[in-house]
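Structural overview
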Amino acid sequence: MNFHHESEHELTSSAHGLRDRVSGSRPTGITLDESVLALRSRITELLTSWARLVIEEREVAAPRNRSVPGLAEFLGRHLSWLTEHPAGPDFDREITTLMRSCRSLREETRSARRELGGCPEPGCSGTLYAVLRPTESAPGPPGSSVVCDQGHAFAPHDWLLLAGPRQSAGIRP
């Protein structure tokens, strides 16, 4: 259940510190990504329910460490018993489904898009976006890009020019 641990930094919906803003608004407080939070909760609930089955039917002591890693380790110690149990196929199906959900959500949260403003191409009324894809397995082409919604794309050597003189010098307005 690596996702549970790795997703701690993905709980905030502003993946990689970027977040779409409504004009004139400023984000306040912590914004949690509800899909990550819900999946983390599903992980805990699923492992807890299977651990409860093992504890009750095998009459063994509950794990001292009831965190996700502790529950996963406990279930790992009883894996052969679980696979032989009549509910073993359900255990396999539920864990497999949960792992697919983790992989899918991880890929979704690894891409981020931030509005940069109007497209600088003459005559274009499109909106310019920075698209961050830190892994090659993220949806879309690998790497990061700056594109407009009308199809214009800008090479990395142009990105500082797009930011304007104040941002490229590290000075914020």
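On a predicted model such as this, the values are computed, not experimentally measured, just so you know. (Residues numbered from 1 in each chain as written. Predicted model: local features only at pLDDT ≥ 70, side-chain atom pairs only at ≥ 80, totals over all residues. Heavy atoms only, no water.)

**Quick look at the overall build of the chain**
In plain terms, the rule: Secondary structure elements follow DSSP: runs of H or I of four or more residues count as helices, runs of E of two or more count as strands, with numbering from the N terminus. Three labels apply to residues, based on accessible area from a 1.4 Å probe with only protein chains included: buried if under 20% of the type maximum, exposed if over 50%, partly exposed otherwise in between. The contact rule is simple, with two residues in contact once any of their heavy atoms fall within 4.5 Å. Residue burial considers only the protein chains on display, and all accessible areas are found by Shrake-Rupley using a 1.4 Å probe.
A count of helices and strands for the chain gives six helices and four strands. Listed by position from the N terminus, the elements making up the chain come as α-α-α-α-α-β-β-β-β-α. By residue count, 31% of the 173 residues in the chain fall in the buried class. Expressed as a percentage of contacts within the chain between residues at least 6 apart in sequence, the contacts between residues at least 24 apart total 49%. Accessible area for the chain stands at about 11400 Å²; split by element, carbon and sulfur atoms hold 52% of it.

**Observations regarding the sheet that holds strand 4 (residues 153-154)**
Put simply, the rule is: We treat two strands as partners when DSSP finds at least two bridges between them.
Spatially, the four strands line up as an open sheet ordered 1-2-3-4, and their pairing is antiparallel. Strand pairing shows two members of the sheet lacking a second neighbour, strand 1 (112-118) and strand 4, which therefore form its edges. Looking at chain direction, strand 2 (residues 127-132) and strand 3 (residues 145-148) are connected through four bridges and run antiparallel. Paired with Ala130 across the two strands is Val146, which belongs to strand 3.

**Here's the deal with the pattern of salt bridges**
Where we set the bar: The salt bridge criterion pairs a side-chain nitrogen of Lys or Arg with a carboxyl oxygen of Asp or Glu, the two atoms within 4 Å.
According to the stated counting rule, one finds two salt bridges in the structure shown. Put simply, Asp90 and Arg93 hold a salt bridge, and the shortest N to O gap is 3.3 Å. Placement of both Asp90 and Arg93 in helix 5 (residues 88-109) is noted, with a separation of three residues, approximately one turn of the helix. On the basis of relative accessible area, Arg93 is assigned to the partly exposed category, the value being 47%.

**Focus: the packing of helix 2 (residues 34-58) against helix 3 (residues 68-77)**
Convention followed: Under this scheme, a helix contributes an axis fitted over its contacting stretch, all axes are lines through C-alpha atoms, and angles between N-to-C directions fall in the 0 to 180 degree range. Any angle that is under 35 degrees is reported as roughly parallel, and any over 145 degrees as roughly antiparallel; angles of 65 to 115 degrees are reported as roughly perpendicular and all others as oblique. The crossing is said to be left-handed when, going from far helix to near helix, the turn is anticlockwise and less than a right angle, and right-handed when the turn is clockwise.
Two numbers describe how helix 2 lies on helix 3: the axes approach to 10 Å, and their chain directions differ by 40°. Our classification of the angle between helix 2 and helix 3 gives oblique. Crossing handedness for the pair helix 2 and helix 3: left-handed. Each of Ile43, Thr44, Leu47, Thr48, Trp50, Ala51, Val54 and Ile55 in helix 2 lies in contact with helix 3, whose residues at this interface are Val68, Leu71, Ala72, Phe74 and Leu75.

**Points about the nonpolar core**
The criterion, for reference: Only buried residues count toward a nonpolar core, which is a set of Ala, Val, Leu, Ile, Met, Phe, Trp, Tyr and Cys residues joined through side-chain atoms within 4.5 Å.
Counting 21 residues, the largest nonpolar core has Ile43, Leu47, Trp50, Val54, Leu75, Leu82 and Phe91 as the members making the most contacts within it. No other element matches the nine residues that helix 2 contributes to this core. The contact partners of Val54, leaving out residues within four places of it in the chain, are Glu59, Val60, Phe74, Leu75, His78, Trp81 and Leu82. In terms of nonpolar packing, the next biggest core, distinct from the first, is built from six residues, Cys119, Cys124, Leu128 and Val146 among them.

On their own, these measurements won't tell you what the molecule is for.
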